[in-house]
Amino acid sequence: MLHLGAFGYVIKPLDQRDVVMNVASALERRKAMIIARDHQKLLEALVESRTAQIRHREEEVVLRLAWAAESHDKSTGDHVRRIGVQSGMLAEALGWESRRVDDIRVAAIMHDIGKIAIADGILLKTDRLTPQEFEVAKQHTEIGASILDASEIPLLQMAKEIALCHHEKWDGSGYPRGLAGEAIPESARIVAVVDVYDALTHARVYGPAIPEEEALAIMQAGREKHFDPRILDRFIELIPEIHRIRDSIAQRGRHRDDAEEETFTELEAIFPTHSFSRTESPLNRISRKEP
Ligand SMILES: [Fe+2]
Ligand SMILES: [Fe+2]
């Protein structure tokens, strides 16, 4: 009976005072239980909201770092933000647990952090890179990994494997190590798919955007060569959802002019050596001021 919530018992024949005392004490105990349960719920909600706050801050710090690392590539800001969001969506669709989904959403933003050490002449080159220049550009993977190396924080450990392996290919023909198949960390296989899709479907320094169908045909041709087939298939299923999110962000963007002006002022205080164009999309508007 105790496990069903009984607090005591009364003996027949009933003594009125006994019954009153027993009922009163049972009610007291029940009240205390309800208070404790509500308190527990309140604490859980508080922890959840604090965790979300911390996540939000982490994301912002990382976005600004990624942005500073590639500030000479004006198309970086929105690109890394999309890579973060879409990598999280894809990881979730692949059944990752929520903590790791949160991690990849932030870690993926840092995939090209190693570009901080690559010369503008190479990063901004619009013509095809020479073989020597390509060798230099490829180093951004190992430089990124060394920036993120030896951390005890799981988020940064994941960021390191992504920075190092996001140009590896399923068939072993990628760089820097020529890893193949499941030897490539799953996080990096996810970012590889998302990164290529985004690069194809948005104008970047090295080329204009290409139509969606063409981009998907190119990606399908890379199935089992460039991309993990299971991850690519899952990503293609997610594309309608990705479009829905993209459209809702664009919709919100039309109502945020005032907020943006505040962001510019804030950014100019943080990056005094950079200027910000108010005529392009927000995270793309950073450029270095001439010394
Ligand atoms: Fe890269
Ligand atoms: Fe990228």
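Worth saying up front: this structure is predicted, and the values here are computed from it rather than measured. (Residues numbered from 1 in each chain as written. Chains lettered and ligands numbered in written order. Predicted model: local features only at pLDDT ≥ 70, side-chain atom pairs only at ≥ 80, totals over all residues.)

Engineer: Quick question: what am I supposed to make of the overall build of the protein here?
Structural biologist: When its secondary structure is counted, the protein shows 11 helices and 2 strands. Along the protein, from the amino end to the carboxyl end, the secondary structure elements read α-α-α-α-α-α-α-α-α-α-α-β-β. The proportion of buried residues among the 291 residues of the protein is 25%. (Helix = DSSP H or I, 4+ residues; strand = E, 2+ residues; numbered from the N terminus. Buried ≥ 20, exposed ≤ 12 C-beta atoms within 10 Å, placed from the backbone.)

Engineer: When you look at the environment of leucine 216 in this model, what are you seeing that I'm missing?
Structural biologist: Of note, leucine 216 is situated in helix α9 (residues 212-221). Judged by the 17 C-beta atoms lying within 10 Å of it, leucine 216 falls in the partly exposed class. In the structure, leucine 216 is positioned 20 residues away from isoleucine 236 in sequence and 8.2 Å away in space, judged by C-alpha atoms.

Engineer: Hey, could you run me through the packing of helix α3 (residues 98-107) against helix α7 (residues 154-165) in this one?
Structural biologist: When two helices pack together, their arrangement is given by the angle between their axes and by how far apart the axes lie. With their axes 9 Å apart at the nearest point, α3 and α7 run at an angle of 55° to one another. Taken together, the axis directions place α3 and α7 in an arrangement best described as oblique. Every pair of crossing elements has a handedness; the one defined by α3 and α7 is right-handed. Where α3 approaches α7, its residues Asp103, Ile104, Val106 and Ala107 are matched on the opposing element by Pro154, Leu155, Met158, Ala159 and Ile162. Tallied by class, the residues present in the contact of α3 with α7 amount to 8 nonpolar, no polar and 1 charged. (Axes fitted to C-alpha atoms, helices over the stretch in contact; angles between N-to-C directions. Parallel < 35°, antiparallel > 145°, perpendicular 65-115°, else oblique. Left-handed = near helix turned anticlockwise from the far one by under 90°. Contact = placed C-beta atoms within 7 Å. Nonpolar A, V, L, I, M, F, W, Y, C, P; charged D, E, K, R; others polar.)

Engineer: Hey, could you run me through helix α2 (residues 76-93) in this one?
Structural biologist: An α-helix turns once per 3.6 residues; consequently, residues spaced three or four apart project the same way. The terminal C-alpha atoms of α2 lie 25 Å apart, and with 18 residues this matches the ideal 26 Å at 1.5 Å per residue to within 8%. A large share of α2 lies buried, amounting to 13 of its 18 residues. (Expected span 1.5 Å × (residues − 1).)

Engineer: Can you help me understand the nonpolar core in this one?
Structural biologist: General note: in soluble globular proteins, nonpolar side chains tend to be found buried as a group. The biggest cluster of nonpolar side chains holds 37 residues, and the ones touching the most others in it are Ala107, Met110, Ile162 and Val193. Secondary structure elements with two or more residues in this core: α1 (16-69), α2, α3, α7, α8 (186-201) and α10 (229-253). Methionine 110 has contacts with Val62, Ala66, Leu148, Ala159 and Ala163, leaving out every residue within four places of it along the chain. (Core = buried A, V, L, I, M, F, W, Y, C linked by C-beta atoms within 7 Å.)

Engineer: How do you make sense of the packing of α1 against α2 when you look at a structure like this?
Structural biologist: At their nearest, the axes of α1 and α2 sit 9 Å apart, and the two run at 135° to each other. Relative to α2, α1 is oriented oblique. The two elements α1 and α2 meet at a crossing, and its hand is right-handed. Of α2, the residues touching α1 (which contributes Leu63, Ala66 and Trp67) are Thr76, Gly77, Val80 and Arg81. Residues that form the contact of α1 with α2 fall into these classes: 4 nonpolar, 2 polar and 1 charged.

Engineer: Help me understand the confidence of the model for the protein in this model?
Structural biologist: Low-confidence regions, as indicated by low pLDDT, have predicted coordinates that should not be scrutinised in detail. Here the protein averages 83 in pLDDT, and 81% of its residues register 70 or above. Per-element confidence in the protein ranges from a low mean pLDDT of 40 for strand β2 (residues 286-288) to a high of 96 for α7. For the stretch residues 270-291, pLDDT sits under 50, and the model shows 39 contacts to residues farther than four places along the chain or on other chains. (pLDDT = per-residue confidence, 0-100.)

Engineer: Even after reading the chapter, I still don't get unusual backbone geometry, so can you show me in this structure?
Structural biologist: What is expected of a backbone is that most residues other than glycine have negative phi and most peptide bonds are trans. Following lysine 12, the chain continues to proline 13 via a peptide bond in cis, the omega torsion being -5°. Along the chain, the position of proline 13 falls in the segment before α1. The omega angle of the peptide bond from tyrosine 175 to proline 176 is 10°, so this bond is cis rather than trans. By the secondary structure assignment, proline 176 is in the loop between α7 and α8. Not every positive phi belongs to a glycine, and alanine 150 is a case in point at roughly 60°. Positionally, alanine 150 belongs in the loop between α6 (140-147) and α7. Despite not being glycine, glutamate 224 shows a phi value in the positive range, around 70°. Tracing the backbone shows glutamate 224 in the loop between α9 and α10.

Engineer: Quick question: what am I supposed to make of the environment of histidine 167 here?
Structural biologist: Structurally, histidine 167 can be placed in the loop between α7 and α8. Histidine 167 gets classed as buried once you count the C-beta atoms within 10 Å, which come to 23. Between the C-alpha atoms of histidine 167 and histidine 111, which are 56 residues apart in sequence, the distance is 9.8 Å. Histidine 167 has contacts with Thr141, Gly174 and Tyr175, leaving out every residue within four places of it along the chain.

Engineer: How do you make sense of the environment of histidine 140 when you look at a structure like this?
Structural biologist: By secondary structure assignment, the location of histidine 140 is in helix α6. Histidine 140 sits in the buried class, given 25 other C-beta atoms within 10 Å. It is 7.5 Å that separates the C-alpha atoms of histidine 140 and isoleucine 113, two residues lying 27 residues apart in sequence. Setting aside residues up to four positions removed in sequence, histidine 140 forms contacts with Asp112, Gly114, Lys115 and Ile118.

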